[in-house]
Amino acid sequence: MFLFSVLMFFLFACVAAWLALFPAGREVVVLSMAAAVRRIEQQMRGGCLAGGRQAATAGRGAGAGLMQVLRFLQRRYLLILSAAVLLTVPTMLALVLSGRGMLGGYDSDSRAINDQVTELLKGEQLALPAPLPPPAFTTAEVTLARPMLDGANRNWQLLDPEFAQRLLLVFKIMKEAHGYDMAILEGYRSPERQNALAAAGPGVTNAKAFQSYHQFGLAADCAFLRNGKLVISEKAPWTMRGYRLYGEAAEAAGLRWGGRWTMMDFGHTELRVAGMARK
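This is a predicted model, so every value here is computed, not measured.

What follows concerns the overall build of the protein. Looking only at helices and strands, the protein has nine helices and five strands in total. Scanning the protein from its N terminus toward the C terminus, one meets helices and strands in the order α-α-α-α-α-α-α-β-α-β-β-α-β-β. Across the 279 residues in the protein, those meeting the buried criterion constitute 33%. Once local pairs closer than 6 in sequence are excluded, the contacts in the protein between residues at least 24 apart make up 67%.

In this model helix α9 (residues 237–252) runs 23 Å from its N-terminal to its C-terminal C-alpha over 16 residues, within 8% of the 22 Å that 1.5 Å per residue would give. Looking only at α9, the buried set comprises Thr-239, Gly-242, Tyr-243, Leu-245, Tyr-246, Gly-247, Ala-249, Ala-250, Glu-251 and Ala-252. Of the residues one or two after α9, Gly-254 is the one with positive phi, at around 85°.

Another point: the nonpolar core. In summary, soluble globular proteins display a tendency toward joint burial of nonpolar side chains. Core analysis: the biggest nonpolar cluster contains 40 residues, and Leu-167 and Tyr-246 have the highest contact counts within it. Of all the elements in the fold, those that place two or more residues in this core are α7 (161–178), β1 (181–186), β2 (219–226) and α9. With nine residues, α7 is the single largest residue contributor to this core. Excluding residues that lie within four positions of it along the chain, Leu-167 makes contacts with Trp-156, Ile-184, Ala-220, Cys-222, Tyr-246, Leu-255 and Thr-269.

Phi is positive for Phe-210, which is not a glycine, with a value near 65°. Note that Phe-210 resides in the loop between α8 (191–199) and β2. Backbone geometry places Asn-227, a non-glycine residue, at a positive phi of 55°. Judged by its relative accessible area of 78%, Asn-227 falls in the exposed class.

With that settled, the discussion passes to the side chain of Glu-186. Structurally, Glu-186 can be placed in strand β1. For Glu-186, a relative accessible area of 1% gives the class buried. A polar contact of 3.0 Å, which involves the side chain of Glu-186, links it to the side chain of Arg-189. Apart from the residues within four sequence positions on either side, Glu-186 is in contact with Arg-146, Ala-152, Asn-153, Arg-154, Arg-193, Leu-197, His-214, Ala-219, Ala-220 and Asp-221.

Below, the discussion takes up the environment of Thr-205. Residue position: Thr-205 is located in the loop between α8 and β2. As a C-alpha pair, Thr-205 and Met-263 span 58 residues in sequence and 9.4 Å in three-dimensional space. Contact partners of Thr-205, with chain neighbours within four places excluded, come to Gln-194, Leu-197 and Ala-198.

Residue pairs three or four apart in sequence face the same way in an α-helix, which turns once every 3.6 residues. In this model, α7 (18 residues) spans 25 Å end to end at C-alpha, consistent with the 26 Å of a helix rising 1.5 Å per residue. Listed as buried for α7 are Phe-163, Ala-164, Gln-165, Arg-166, Leu-167, Leu-168, Leu-169, Val-170, Phe-171, Ile-173 and Met-174. The N-terminus of α7 is capped by Asp-160, whose side-chain oxygen sits 3.1 Å from the backbone nitrogen of Glu-162. Looking at the residues trailing α7, positive phi occurs at Gly-179, about 80°.

What the rule picks out here adds up to ten salt bridges. Across the salt bridge formed by Glu-176 and Lys-172, the nearest N and O atoms sit 2.9 Å from each other. Here Glu-176 pairs with Lys-172, and both are found in helix α7, just four residues apart, close to one helical turn. Note that Glu-251 and Arg-260 form a salt bridge whose closest N and O atoms lie 2.4 Å from each other. One continuous salt-bridge network, built from bridges that share partners, spans Arg-146, Glu-186, Arg-189, Arg-193 and Asp-221.

Here the focus is the packing of aromatic side chains. Enumeration over the complete set of coordinates arrives at eight aromatic pairs. Linked through ring pairs, Tyr-180, Phe-224, Trp-238, Tyr-243, Trp-257 and Phe-266 together constitute an aromatic cluster. The ring of Phe-137 carries Arg-154 above its face, with NZ or CZ at 3.5 Å from the centroid. One residue, Arg-226, lies across the ring of Trp-238, its end atom 4.2 Å from the ring centre.

Caution applies to low-pLDDT parts of the model: their predicted coordinates are not meant to be read in detail. In this model, the protein carries an average pLDDT of 78, and 58% of its residues clear a pLDDT of 70 or more. Segment residues 95–112: pLDDT under 50, and 21 contacts once partners within four positions in sequence are set aside and those in other chains are kept.

This part covers the packing of α7 against α9. Closest axis-to-axis distance for the α7/α9 pair is 9 Å, and the angle between their directions is 130°. Overall, the two elements α7 and α9 adopt an arrangement that is oblique. For the pair α7 and α9, the crossing hand works out as right-handed. Within the contact between the two elements, α7 uses Leu-167, Val-170, Ile-173, Met-174 and His-178 and α9 uses Arg-241, Gly-242, Leu-245, Tyr-246, Ala-249 and Ala-250. Classifying every residue of the contact of α7 with α9 by side-chain character gives eight nonpolar, two polar and one charged.

What counts, and at which threshold
Throughout this description, residue numbers start from 1 for each chain and increase along the sequence as written. Per-residue local features of the predicted model are confined to residues with pLDDT of at least 70, and side-chain atom pairs are confined, for both listing and counting, to 80 or more; whole-chain, interface and lining totals are unaffected and use all residues. The basis for every side-chain value is the complete set of heavy atoms in the structure, and neither hydrogens nor water enter the calculation. Each helix is a run of DSSP H or I of at least 4 residues and each strand a run of E of at least 2, with the numbering of both proceeding from the N terminus. Relative accessibility decides the category of a residue: with a 1.4 Å probe and only protein chains considered, values under 20% of the type maximum give buried, values over 50% give exposed, and everything between is partly exposed. Only heavy atoms enter the contact rule, under which two residues are in contact if any of them lie within 4.5 Å. Each residue after the first adds 1.5 Å to the expected span of a helix. The definition of a nonpolar core used throughout is a set of buried Ala, Val, Leu, Ile, Met, Phe, Trp, Tyr and Cys residues joined through side-chain atoms within 4.5 Å. Definition of a polar contact: a pair of N or O atoms within 3.5 Å, with one able to donate and the other able to accept a hydrogen when the atoms are protein atoms, and with sequence-neighbouring residues admitted only if both atoms are side-chain atoms. A pairing counts as a salt bridge when a side-chain nitrogen of Lys or Arg comes within 4 Å of a carboxyl oxygen of Asp or Glu. Each aromatic pair joins two rings of Phe, Tyr and Trp (for Trp, the six-membered one) with centres within 6.5 Å, and gets the label stacked for planes under 30 degrees apart, edge-to-face for over 60, and tilted for any other angle. Any Lys NZ or Arg CZ that is within 6 Å of a ring centre and within 35 degrees of that ring's normal is treated as a charge sitting over the ring. The predictor reports its confidence for every residue as pLDDT, a score running from 0 up to 100. Note on geometry: axes are lines fitted to C-alpha atoms, helical ones only across the stretch in contact, with angles between N-to-C directions running from 0 to 180 degrees. Each angle receives one of four descriptions, namely roughly parallel if under 35 degrees, roughly antiparallel if over 145, roughly perpendicular if within 65 to 115, and oblique otherwise. Crossing chirality is assigned from the near helix's rotation relative to the far helix, an anticlockwise turn below a right angle marking it left-handed and a clockwise turn marking it right-handed. Three classes are used, and their members are as follows: Ala, Val, Leu, Ile, Met, Phe, Trp, Tyr, Cys and Pro are nonpolar, Asp, Glu, Lys and Arg are charged, and the others, Gly among them, are polar.

Spelled out as structure tokens, the structure:
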């Protein structure tokens, strides 16, 4: 059916182009249709005697109406042809380019994971990194970039096991392939803390309790370690390059990256599960 539709569109386009580019072709079509009308009218006149006059009158009326339509089409052929192209071409292009797939749901993550990442995820369980000392999260730079971070939870054990392994794989890729050490700023987040952050304003978060994947252990905010210190601000080229590589590695591991959101959150990643949260 799809190939037939494409073939019919091709034939229609050829006929339309012929009529648009060759006036003689239009004349032939008009004359042919006019001759057909006359033949129909003659046949109707030669009908039975009882209804001959009525049939002839109807035939002449129909023929006159059809001739008016043909003359209108001849005068407005460019407008009609343009309208036909505008109506058919976008639809056919959408059919040709879209393929046979269907759009997935908003919460169902159908991103293809590359072969290397798939093999790593099937392998041994990755070890948890050593926790950083609490003062590392209360420096002036960290507090300026992420206020209220002193009350954040960074316990890997409270994260969903699958999400934790994918995030550990991202950390491994960032270290071995790009030379970036990483650490969690915040993982699991209680509903009470989520509401407190939401009350601080949209500059912190727009999500209230149970509207964030943090409440389900399926999200984490991360940053880089450089010379033993956390680096969060994306203003430095080194940091911005790291966030870009981090986003690529996270998406390759089947995670969603906050850097693609309207309100960009470069350190955020999450594993979306249907029905868990709105965002």
